[in-house]
Amino acid sequence: MRFSARDYRMPRYKEIPNVGLYLEQTVKYINECLAPIEISITPSMLSNYVKKGYIDRPIKKQYYADQIAYAIYIVIIKQVLSMDNIASLFVLQKATYTLPVAYDYFCSELEKTLVAIFENKEEPMKDMGDIPVEKKMLHSVIVAVSHIIYLNDCFKNNLQNNASDFIRQMK
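Source: prediction; values computed, not measured.

Thoughts on the confidence of the model for the protein
Looking at the protein as a whole, the pLDDT averages 89, with 85% of positions reaching at least 70. Averaged pLDDT values over the elements of the protein bottom out at 79 in helix H6 (residues 133-170) and peak at 98 in helix H3 (residues 65-77).

Right, here's the structure in full:
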């Protein structure tokens, strides 16, 4: 059975290394975490996020859990949002929830939404009623990025297989 992005599981905050990783180690760790959903980061991207103030500067050239969690979040949601909008979401997050709580919530909601989309079920939180605008915004981002992940998975796994089958039939 092939792996699908539907089965993706993100590392929770407590699972992120907090021992201090150098730039290349940090990039390698993030890319390993995001490989199943085919999203990646480069050392220059991470350095630019630090230069622009989206992520705290490394301590003695080492990145810790907070910086890695923010980098993972940025890399995923930059698929659908500008960096200015991501920075605005950071402001909302910092005013309402600690990073571990916000990051773990993002992880679980992304995973639930991916399963729902892959199984063609109703998306979690479809009826949002009176929830705060911050959660509605985050939910919209998660749904949008989940659809992109789903489409990328379809193109990679379904269309490539169908094209191969078609080519074999033509021979």
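Re the packing of aromatic side chains
Under the counting rule described, the total for this entry stands at four aromatic pairs. Relative to phenylalanine 90, the ring of tyrosine 70 lies with its centre 4.7 Å away and its plane at 75°, an arrangement referred to as edge-to-face. Residue tyrosine 70 is located in helix H3, and its partner phenylalanine 90 is located in helix H4 (residues 83-96); the two are separated by 20 residues in the primary sequence. A single burial state applies to tyrosine 70 and to phenylalanine 90, both of which are buried. Judged by centre distance (5.7 Å) and plane angle (40°), the ring pair of tyrosine 73 and phenylalanine 90 falls under tilted.

Let's talk about helix H5 (residues 99-118)
Spanning 20 residues, H5 covers 28 Å between terminal C-alpha atoms, matching the ideal 28 Å at 1.5 Å per step. Of the residues trailing H5, asparagine 120 is marked for its positive phi of about 55°.

Side note on unusual backbone geometry
The phi torsion at glutamate 38 lies on the positive side, around 55°, for a residue other than glycine. Secondary-structure assignment places glutamate 38 in the loop between helix H1 (23-34) and helix H2 (43-51). The phi dihedral of lysine 61 is positive, around 65°, even though this residue is not glycine. Topologically, lysine 61 is positioned in the loop between H2 and H3. Given the relative accessible area of 65%, lysine 61 is considered exposed.

Topic: the environment of glutamate 24
With respect to the helices and strands, the residue glutamate 24 is situated in helix H1. Since its relative accessible area comes to 55%, glutamate 24 is described here as exposed. C-alpha separation for the pair glutamate 24 and leucine 46, spaced 22 residues apart in sequence, amounts to 9.9 Å.

Quick word on the pattern of salt bridges
Evaluated as defined, the whole model comprises eight salt bridges. In this structure, arginine 6 and glutamate 119 form a salt bridge, with 2.3 Å as the shortest nitrogen-oxygen distance. Note that arginine 6 is positioned in the segment before H1 and glutamate 119 in the loop between H5 and H6, a separation of 113 residues in sequence. With a relative accessible area of 27%, arginine 6 lands in the partly exposed category. The salt bridge partner of glutamate 32 is lysine 28, with a shortest N-O separation of 3.8 Å. Taken together, the residues glutamate 32 and lysine 28, both in helix H1 and four residues apart, mark about one turn of the helix.

Rules of the game
Residues numbered from 1 in each chain as written. Predicted model: local features only at pLDDT ≥ 70, side-chain atom pairs only at ≥ 80, totals over all residues. Heavy atoms only, no water. pLDDT = per-residue confidence, 0-100. Helix = DSSP H or I, 4+ residues; strand = E, 2+ residues; numbered from the N terminus. Phe/Tyr/Trp six-rings, centres within 6.5 Å; stacked < 30°, edge-to-face > 60°. Buried < 20%, exposed > 50% of the residue type's maximum accessible area, 1.4 Å probe, protein only. Expected span 1.5 Å × (residues − 1). Salt bridge = Lys/Arg side-chain N within 4 Å of Asp/Glu carboxyl O.

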